[in-house]
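Observations on chain architecture
Residues per chain, in single letters:
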Amino acid sequence: MARQLGEHLTLAGPGHPWTGAKFSSAWGTRDVLDTTLVVPDLVAEISTDTSIDRGGVYGHPIRYVCLRLDATVDDALRFGGDSAQAEG
């Protein structure tokens, strides 16, 4: 899966909105992941649930399912959005 996804990614240039952000390797850990920022122009299907704790943190990790080459970022629902947003 990672190889298929990697073939379609483009490294981000300066000005990426997440420049300087740090990502942890697991809930409650101080371990920081090495991150490579990419151009956000692909759509991926993910599997998750909506379980959020009192601190606003998702209770379970998001899992990558597949790359959706049949969809554009304009077709995708934004995090925190609703289905009406995706329908246009």
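Given the structure is predicted, the values throughout are model-derived calculations rather than measurements.

1. Side note on the overall build of the protein chain
In terms of helices and strands, the protein chain carries two helices and two strands. N-terminal to C-terminal, the α/β element order of the protein chain is α-β-β-α. Going through the 88 residues of the protein chain one by one, you find that 3% of them count as buried. In the protein chain, the proportion of contacts linking residues at least 24 apart, taken out of those at least 6 apart, comes to 47%.

2. Some words on the pattern of salt bridges
Scanning the model with the defined rule gives two salt bridges in all. With its nearest N and O atoms 2.8 Å apart, the salt bridge here joins arginine 68 to aspartate 70. The structure contains a network of salt bridges with shared partners spanning Glu45, Arg68 and Asp70.

3. Some points on the packing of aromatic side chains
Tallied over the entire structure, the rule returns one aromatic pair. On the basis of an interplanar angle of 55 degrees and a centroid distance of 5.8 Å, the ring pair of tryptophan 18 and phenylalanine 23 is categorised as tilted. Residue phenylalanine 23 is classed as partly exposed on the basis of its relative accessible area, which comes to 28%.

4. A look at the environment of phenylalanine 23
For phenylalanine 23, the location among the structural elements is in the loop between helix H1 (2-6) and strand S1 (44-47). Through-space distance from the C-alpha of phenylalanine 23 to that of aspartate 34 is 8.1 Å; in sequence the pair is 11 residues apart. Other than its neighbours up to four places away in sequence, phenylalanine 23 contacts Trp18, Asp31, Val32, Leu33 and Thr35.

5. A look at the side chain of histidine 16
With respect to the secondary-structure elements, histidine 16 resides in the loop between H1 and S1. In this structure histidine 16 comes out as buried when scored by relative accessible area, which is 13%. Polar side-chain contacts of histidine 16 include one of 3.1 Å to the backbone oxygen of valine 38. Not counting residues within four places of it along the chain, the set of residues in contact with histidine 16 comprises Leu37, Val38 and Pro40.

About the criteria used
- Residues numbered from 1 in each chain as written.
- Predicted model: local features only at pLDDT ≥ 70, side-chain atom pairs only at ≥ 80, totals over all residues.
- Heavy atoms only, no water.
- Helix = DSSP H or I, 4+ residues; strand = E, 2+ residues; numbered from the N terminus.
- Buried < 20%, exposed > 50% of the residue type's maximum accessible area, 1.4 Å probe, protein only.
- Contact = heavy atoms within 4.5 Å.
- Salt bridge = Lys/Arg side-chain N within 4 Å of Asp/Glu carboxyl O.
- Phe/Tyr/Trp six-rings, centres within 6.5 Å; stacked < 30°, edge-to-face > 60°.
- Polar contact = N/O pair within 3.5 Å; in protein donor to acceptor, adjacent residues only side chain to side chain.

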